[in-house]
Amino acid sequence: MQEKKEAVAVIGAGSWGTALAMVLADNEHEVRLWSHNEAQVQEINQFHTNKKYLPEINLPELIVGYGSLSDALAGIKTVIVAVPTKAIREVLGKIRTVQNSPLTIAHVSKGIEPDSLLRISELIKEEMPSELLNAVVVLSGPSHAEEVSLRHPTTVTVSSENMAAAEEIQDLFINHNFRVYTNPDVIGVEIGGALKNIIALAAGITDGLGYGDNAKAALITRGLAEIARLGTKMGANPLTFSGLTGIGDLIVTCTSVHSRNWRAGNLLGKGKNLDEVLDNMGMVVEGVRTTKAAYQLAKKYNVSMPITFALYDVLFNGKNAKDAVDVLMARGKTHEMEDLVNILEERNLED
Ligand SMILES: NC(=O)C1=CN([C@@H]2O[C@H](COP(=O)(O)OP(=O)(O)OC[C@H]3O[C@@H](n4cnc5c(N)ncnc54)[C@H](OP(=O)(O)O)[C@@H]3O)[C@@H](O)[C@H]2O)C=CC1
Ligand SMILES: O=C(CO)COP(=O)(O)O
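Rules and cut-offs
Residues numbered from 1 in each chain as written. Chains lettered and ligands numbered in written order. Predicted model: local features only at pLDDT ≥ 70, side-chain atom pairs only at ≥ 80, totals over all residues. Heavy atoms only, no water. Near = heavy atom within 4 Å. Polar contact = N/O pair within 3.5 Å; in protein donor to acceptor, adjacent residues only side chain to side chain. 1 Å grid on protein atoms, 1.4 Å probe; cavity = no way out; pocket = protein on both sides within 12 Å on 5 of 7 lines; lining within 4 Å. Sits in = over half its atoms within 2 Å of the grid points. Areas by Shrake-Rupley, 256 points an atom, 1.4 Å probe, with all protein chains shown as cover. Helix = DSSP H or I, 4+ residues; strand = E, 2+ residues; numbered from the N terminus. Nonpolar A, V, L, I, M, F, W, Y, C, P; charged D, E, K, R; others polar. Expected span 1.5 Å × (residues − 1). Buried < 20%, exposed > 50% of the residue type's maximum accessible area, 1.4 Å probe, protein only. Pairing = 2+ DSSP bridges. Axes fitted to C-alpha atoms, helices over the stretch in contact; angles between N-to-C directions. Contact = heavy atoms within 4.5 Å.

A.B. asks: Describe the site of ligand 1, listing the residues and the values that go with them.
C.D. replies: The environment of ligand 1 is formed by 24 residues, the closest being Ser15, His36, Tyr53, Ala145 and Glu286. At a separation of 2.9 Å, an oxygen atom of ligand 1 approaches a polar backbone atom of Trp16. At 2.6 Å from an oxygen atom of ligand 1 is found a side-chain nitrogen or oxygen belonging to His36. When each cavity is represented as a set of grid points, ligand 1 is found to reside in the largest pocket.

A.B. asks: Quick rundown of the site of ligand 2? Include the residues and the values.
C.D. replies: The environment of ligand 2 is formed by 13 residues, the closest being Lys196, Asp249, Ser259, Arg260 and Asn261. Contact between ligand 2 and Ser259: an oxygen atom at 2.7 Å from a side-chain N or O atom of the residue. Alone, ligand 2 offers 300 Å² of accessible surface; in the complex the protein occludes 92% of this. Mapping ligand 2 onto the cavity grids shows that it belongs to the largest pocket. Considering every element that reaches the shell around ligand 2, the biggest residue donor is helix 10 (residues 244-255), with 3 residues. Split into classes, the residues belonging to the shell around ligand 2 amount to 2 nonpolar, 7 polar and 4 charged.

A.B. asks: Can you tell me about helix 1 (residues 15-26), naming the residues and giving the values?
C.D. replies: Between its first and last C-alpha, helix 1 extends 17 Å over 12 residues, near the 16 Å set by a 1.5 Å rise per residue. Counted residue by residue, helix 1 has 11 buried out of 12 residues, so it is predominantly covered. Among the residues of helix 1, Ser15, Trp16, Gly17, Thr18, Ala19, Leu20, Ala21, Met22, Val23, Leu24 and Ala25 are the ones counted as buried. Immediately downstream of helix 1, the backbone of Glu28 shows phi near 70 degrees, a positive value.

A.B. asks: Go over the pairing of strand 2 (residues 31-34) with me, naming the residues and quoting the values.
C.D. replies: By the alternation rule, side chains of strand 2 split into Val31 and Leu33 and Arg32 and Trp34, which are all buried. The pairing of strand 1 (residues 8-11) with strand 2 spans 4 bridges and is parallel. Along strand 2, the bridge assignment pairs Ala9 with Arg32. Relative to strand 3 (residues 63-66), strand 2 is paired through 4 bridges, and the arrangement is parallel. Counterpart to Arg32 in the pairing with strand 3 is Val64.

A.B. asks: Which residues make up helix 14 (residues 306-316), and what values do they have?
C.D. replies: Of all 11 residues making up helix 14, 8 are buried, and the element is well covered by its neighbours. Considered for burial, the residues of helix 14 that qualify are Pro306, Ile307, Thr308, Ala310, Leu311, Tyr312, Val314 and Leu315. Positive backbone phi, approximately 70 degrees, marks Gly318, located one or two places after helix 14.

A.B. asks: Provide a residue-level description of the sheet that holds strand 5 (residues 103-107), including the pertinent values.
C.D. replies: Reading across from one edge, 3-2-1-4-5-6-7-8 is the order of the 8 strands in this open sheet, with mixed pairing throughout. The outermost strands of the open sheet, each flanked by one partner alone, are strand 3 and strand 8 (178-182). Taking each pair of neighbouring strands and ignoring which way they run, the sheet shows an average axis angle of 25 degrees. Across the sheet, helix 8 (residues 186-208) is in contact with strand 5, strand 6 (133-140) and strand 7 (154-160); its angle to strand 6 comes to roughly 50 degrees.

And the structure:
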């Protein structure tokens, strides 16, 4: 008789949690999709749909909606946490109160917490008592939920300080539509995934202003340069930024109409105000909060991040978007790679 596959809990039934639940169900896992919204749980179980987040999609029957967290986690070893970064502490607090055995927690959220400046894997380690935590894994890469749910070819990367756990998550998800790589550089994977949202907002703004592909290519490459500078200063492997979770995710988020960050930026570029844009999106726009965190990180690590600073002024200081682009273009002359080379040399001297 064929052995039954491990049941997996997915916490958060938004776009990404639901699309990832579909990948797991396609791999024949029983999937317990937890939502804090009882009506949504009913919809998933009665109609096998999640119309708010993936309107055209029928969900496999192996996905079962759960409103009770303790039921969803009963006997579970692996949890996929798929809520926006600002909800993670609250959700982990709830998990903590119902859980009494160690879990591998794979998170898929792309953000940095402002003020604490913690990456999400660090935040999870801070919130979960060590006796309840087997390992923390991050899954990231160029992967819009809308396309994953249509089973279009997608590639992502998993990373962890515990690479055996990362490989277990790789095995849970990998299939012919969803190819999963590993990379041991947790800092690089998390920083790339979080900070690409800042650049996607900026790319949306330049598109909204009516600028063309040259401006977008400039933002993608110079955005990558500042992400790599900060990430490398924080200890990442600079090569990670040329991988799926770096340039890969930058490309998909800056160029796709699926991206909420790009769409929000686009509306800002067309003259809408931030509160209005966020109120109407109905889904998370991680880049706004992450711009604040990256601005603080750049100051802490003394790294030049001109695009992030320009966006910070637009989002939080009321600066006109076109003026912000003009300021960026009128900056003093500089070398394309010098700052990153200097950061790498400093690191070599420290070793
Ligand atoms: N969408 C995508 O294609 C991808 C998203 N990601 C990342 O995944 C993370 C989640 O994004 P995504 O699924 O797209 O976001 P959505 O906005 O689509 O969904 C968020 C989900 O989290 C729920 N939620 C919000 N706050 C809480 C809370 N306090 N407690 C419990 N549940 C809560 C929402 O519930 P409710 O419906 O009640 O608001 C909703 O179900 C983000 O960090 C994003 O960057 C990564 C890769 C791809
Ligand atoms: O991270 C994503 C694709 O890889 C999704 O981006 P948005 O949050 O901008 O939609």
